[in-house]
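Understanding the architecture of this molecule
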Amino acid sequence: MSPEYRRGHGALYGGLNHGRLDVNRLREVLAGLLPRWPDGRIVLAVAVSP
């Protein structure tokens, strides 16, 4: 494939190469993306089909 069409995580690796990763901030951002019940609990789903 042409380099223009390659998929990857270049922005992530570029950011890591040019700075530091704030693990606590990353954890807060990712946890904020999870669906939650109105009382704040995280919504989890499990597939139990064979």
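Presented here is a report on the structure given in the accompanying data block. (Residues numbered from 1 in each chain as written. Predicted model: local features only at pLDDT ≥ 70, side-chain atom pairs only at ≥ 80, totals over all residues. Heavy atoms only, no water.)

**Some thoughts on the overall build of the chain**
- Scanning the chain from N- to C-terminus turns up two helices and zero strands.
- Looking at the 50 residues of the chain, the share that counts as buried comes to 0%.
- When the accessible surface of the chain is totalled, it reaches about 5,300 Å², and 59% of it is carbon and sulfur. (Helix = DSSP H or I, 4+ residues; strand = E, 2+ residues; numbered from the N terminus. Buried < 20%, exposed > 50% of the residue type's maximum accessible area, 1.4 Å probe, protein only. Areas by Shrake-Rupley, 256 points an atom, 1.4 Å probe, with all protein chains shown as cover.)

**Topic: a nonpolar patch on the surface**
- Taken together, the side chains of Y13, L16, L21, V23, L26, V29, L30 and L33 make up a nonpolar region of the molecular surface, amounting to roughly 750 Å² of accessible area.
- Of all the elements in the fold, those that place two or more residues in the nonpolar patch are α1 (10–17) and α2 (23–32).
- Residue contributions to the nonpolar patch peak at four residues, all from α2.
- Tracing the backbone shows L21 in the loop between α1 and α2. (Patch = residues over 30% accessible without salt bridge, like charges linked within 9 Å, V, L, I, M, F, W, Y side chains within 5 Å. Salt bridge = Lys/Arg side-chain N within 4 Å of Asp/Glu carboxyl O.)

**Describing the pattern of salt bridges**
- Following the criterion strictly, the structure yields two salt bridges and no others.
- With a shortest N-O distance of 3.7 Å, E28 and R25 are connected by a salt bridge. Here E28 and its partner R25 are both found in helix α2, three residues apart, which amounts to about one turn of the helix.
- With a shortest N-O distance of 2.8 Å, R41 and D39 are connected by a salt bridge. Here R41 and D39 have matching classes, each one exposed.

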